[in-house]
Amino acid sequence: PATPTWRADIGKVPCCRDEAFLCARASSKDGPRRVLESMACVGRLSRHLLRAFAVAVGLLGALLGLSWAAGHQDLWSDIHIPGGGALGSSGRRLAVSELVHVCLCSDGADLRSVVATIRSVHASASAPAALRFHLVTAVDLAELFRQLLHAHVPELPIEVHGDAAVQARLHALAPPSPEGETTGSGFGPFALAPLFLDDFVGSSAGDASRLVFIDAGAIVLGDVAELQTMDLNGHPCAAVRPCAARWSDLMNFDALRSAGFSDRLDPSACAASRTVIVIDRHRWHEAGVQGRIEQWLDRAHGLAARGGAVELWAGGPSRVPWLLAIGNEFAQLGAEWACAGLGHEVMSQEESQAIRRSGFDKRALRKLGLRVDEVGSIMPHLATCSAKAKLLQFDGPMAPWRLGRLVAQSPVCALPDGWRPTSASAALWGSGKDAGMRVKVFCQGSTFVNCSSIWWRFMPEALACALQDFEGEWAEAEAAWSEAKEVYDWKLDQESQRASDGVDTLARQEAAFLGDAEFALGLRISKSDLLRQRKRRSEESREEGKRREKLIEAQEAEMEKEEQRRIDQERIARLQKLAVAGV
């Protein structure tokens, strides 16, 4: 039997090290049934008998009017049972005849996004014992990741893969990245890793027929067994086709045709997303998908090497080469597997119009802490798809692992079906949206929460601290600030140059005027006097520029002090809330 432990992040509730479910206290409605079901983590014997007995006791408790502790009613209802799937779901169990191999890719030193995704997949699975996780990473990080994962999530079957030969091949294939772009933004050689999964995973997946790729950082609320058992209709892969981007948004069709692209694709058609891909290993190799991806990468690389001014596609190599290689030859997953934008700072005008037409009035937006800019775009992102979604994609600069827990203005999500906000979440993540806010949509009450609170449910604070890359915490911000400083210095130099040019122009005009006066009045003004006057004006202009620069430096120093004071206040508030919650 597993050894019961105490988890501070859920209010000191005994649970199993198995981690096949999210530990939480039961609600009063069905407390006796859930307590009996949680016994499945001890021994795992006679699971079906225990489940049947639990249902019988639950019915008996309902008949006798038994109630559970009233204080337990404020907790999340998304309790997961080892091997049992999510409570509150349809209860249908998918027959899985083979292991489900789930793959993630990351070459960043911060493991929080990877582990949150893995924990969500495991918690939402109807057959967690059939899951095998594969993390593909850079060679220099592979051993570190193995040690971290073994130390902090030993209960999850995670295998780390790093292959120097395949990595070198990706470096050779990838087009040059624009300055300042990283893998996380779709650029860099490692952005190609999801398209070469079989080369990394290889024999570790045995004779498995499929690989399921999921973007690191996504939260999975659906059962991945659906992806393992779905009919691909003979296609090499399956993916979601949302309309967040169309073919014409991603590709230069004129340049593609000149490069040999002859497939008949509608530029206005919706393009497939790469957030989740189900790969049929046999059909993938039989159809030569990987070879075609390499061909398109070679074309782009050759065009860049020749100094071509025309780009074949927009963005990095992580998506479009795959789209060109498969065309329309892929099975479509349901839209519930692609609830995206949960880390975006602002919605597009089209998205904002759709929100306003879907029953949200001004009062509802104000109550949720959202605002509308001068062109009608809603800020930050508001997601309604999260209510029914099986996958939540936290793409964008406001991803939870980038912002942390205590962020007032973060994207807002509809509460997933079967979930309830908790008083504990209010203590951990703040109040308002984090604890659950009810607003009327088409006059019907709906509950919304801070999107990050959903993500952090799968990342306990102690685990997040152990997996966080503290050295790289400020790297991205420092790079952005350095770039902004360079831009500022350049603008200051331009202003100084324009001021100096203005002084020179004025001096020439004065010299011309004085020359005319000398000719008219018979005065003789020496050239040295003119030069001294010009020099004096130039020095005055430079001194003014220096004074302006010192003023700006003082303002920047004051802003830094103010930011530090804000961070300190947030830290104090957080500690106070944790103390109030008794965590």
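Coordinates for the structure precede this section.
What you are looking at is a predicted structure, and each value in this text was computed from that prediction instead of being measured. (Residues numbered from 1 in each chain as written. Predicted model: local features only at pLDDT ≥ 70, side-chain atom pairs only at ≥ 80, totals over all residues. Heavy atoms only, no water.)

The next subject is the overall build of the protein. When helices and strands are tallied, the protein shows 20 helices and 19 strands. Evaluated residue by residue, the protein yields a buried proportion of 44% over its 583 residues. Once local pairs closer than 6 in sequence are excluded, the contacts in the protein between residues at least 24 apart make up 78%. As displayed, the protein offers around 29800 Å² of accessible surface, 54% of which is attributable to carbon and sulfur atoms. (Helix = DSSP H or I, 4+ residues; strand = E, 2+ residues; numbered from the N terminus. Buried < 20%, exposed > 50% of the residue type's maximum accessible area, 1.4 Å probe, protein only. Contact = heavy atoms within 4.5 Å. Areas by Shrake-Rupley, 256 points an atom, 1.4 Å probe, with all protein chains shown as cover.)

With that out of the way, let us pick up the sheet that holds strand 12 (residues 331-333). Spatially, 7-6-5-8-11-10-12 is the arrangement adopted by the seven strands of the open sheet, whose pairing is mixed. Edge positions in the open sheet fall to strand 7 (158-161) and strand 12, since each of these has one partner strand only. Within this sheet the neighbouring strands show an average axis-to-axis angle of 25°, counted without direction. Here strand 8 (residues 210-214) runs beside strand 11 (residues 276-280); their pairing, made up of five bridges, is antiparallel. For Ile214, the partnering residue across the bridge sits in strand 11 and is Val276. Relative to the sheet, helix 3 (residues 112-124) contacts strand 5 (100-105), strand 6 (131-136), strand 7 and strand 8, its axis offset from that of strand 6 by approximately 165°. Against the sheet, helix 4 (residues 139-152) contacts strand 6 and strand 7, and its axis sits at roughly 170° relative to strand 7. (Pairing = 2+ DSSP bridges. Axes fitted to C-alpha atoms, helices over the stretch in contact; angles between N-to-C directions.)

Now for the state of the cysteines. Two cysteines, two sulfur atoms, one covalent bond between them: this is a disulfide. Using the criterion set out here, one finds three disulfides in the structure. Put simply, Cys339 and Cys385 are joined by a disulfide, and their sulfur atoms are 1.9 Å apart. Between Cys339 and Cys385, the S-S torsion sits near 70°, and that sign places the bridge as right-handed. Placement of Cys339 in the loop between strand 12 and helix 13 (349-356) and of Cys385 in the loop between strand 15 (382-383) and strand 16 (391-392) is noted, with a sequence separation of 46 residues between them. What makes Cys385 partly exposed here is its relative accessible area of 34%. The disulfide that involves Cys413 links it to Cys451, with 1.9 Å between the sulfurs. Its torsion about the S-S bond being 105°, the disulfide of Cys413 and Cys451 is classed as right-handed. Taken together, the positions of Cys413 in strand 17 (residues 412-414) and Cys451 in helix 17 (residues 451-456) put the pair 38 residues apart, joining distant regions of the chain. As far as the burial class goes, Cys413 and Cys451 line up, both buried. (Disulfide = S-S within 2.5 Å.)

Inspection of the entire model under this criterion finds 15 salt bridges. Arg146 serves as the salt-bridge partner of Glu143, at 3.3 Å between the closest nitrogen and oxygen. In this pair, Glu143 and Arg146 both sit in helix 4, three residues apart, roughly one turn of the helix. Residue classification places Glu143 among the partly exposed positions, given a relative accessible area of 44%. When salt bridges that share partners are traced, they join Arg169, Asp199 and Glu294 into one network. (Salt bridge = Lys/Arg side-chain N within 4 Å of Asp/Glu carboxyl O.)

The subject of this paragraph is helix 5 (residues 164-173). Regarding helix 5, the residues found buried are Val166, Gln167, Leu170 and Leu173. Projection of helix 5 onto a plane perpendicular to its axis shows the buried side chains occupying an angular sector of 120°, all on one side. Opposite its buried face, helix 5 presents the exposed residues Ala164, Ala165 and Ala172, each directed more than 90 degrees away. Measuring from the backbone nitrogen of Ala165 back to the side-chain oxygen at the start of helix 5 gives 2.9 Å, which picks out Asp163 as the cap. (Arc of directions from axis to C-beta. Polar contact = N/O pair within 3.5 Å; in protein donor to acceptor, adjacent residues only side chain to side chain.)

Once that is clear, we can look at the packing of aromatic side chains. Taken as a whole and judged by the stated rule, the model has five aromatic pairs. Between Trp401 and Trp455, the aromatic rings sit 5.4 Å apart at their centres with planes inclined by 40°, giving tilted as the arrangement. A residue pair is termed long-range when its members are at least 10 positions apart, and Trp401 in helix 15 (residues 400-403) and Trp455 in helix 17 qualify at 54 residues. Here Trp401 falls in the buried class, since its relative accessible area comes to 14%. Judged by relative accessible area, which is 0%, Trp455 ranks as buried. Clustering of aromatic rings is evident, with ring pairs tying together Trp401, Trp455 and Trp456. (Phe/Tyr/Trp six-rings, centres within 6.5 Å; stacked < 30°, edge-to-face > 60°.)

Moving on, we get to the environment of Pro267. By the secondary structure assignment, Pro267 is in the loop between helix 9 (253-258) and strand 11. According to the relative accessible area criterion, Pro267 is partly exposed, its value standing at 31%. When the C-alpha positions of Pro267 and Asp249 are compared, they lie 8.2 Å apart, and in sequence the two are 18 residues distant.

The subject of this paragraph is the sheet that holds strand 18 (residues 437-441). One open sheet holds the four strands; their spatial order is 15-17-19-18, and the pairing between them is mixed. Either end of the sheet is taken by a strand with one partner, and the two such strands are strand 15 and strand 18. Across three bridges, strand 17 lies against strand 19 (residues 444-450) in antiparallel orientation. Note that in strand 19 the partner of Ala414 across the bridge is Phe448.

Everything listed is a geometric property; what it means functionally is a separate question.
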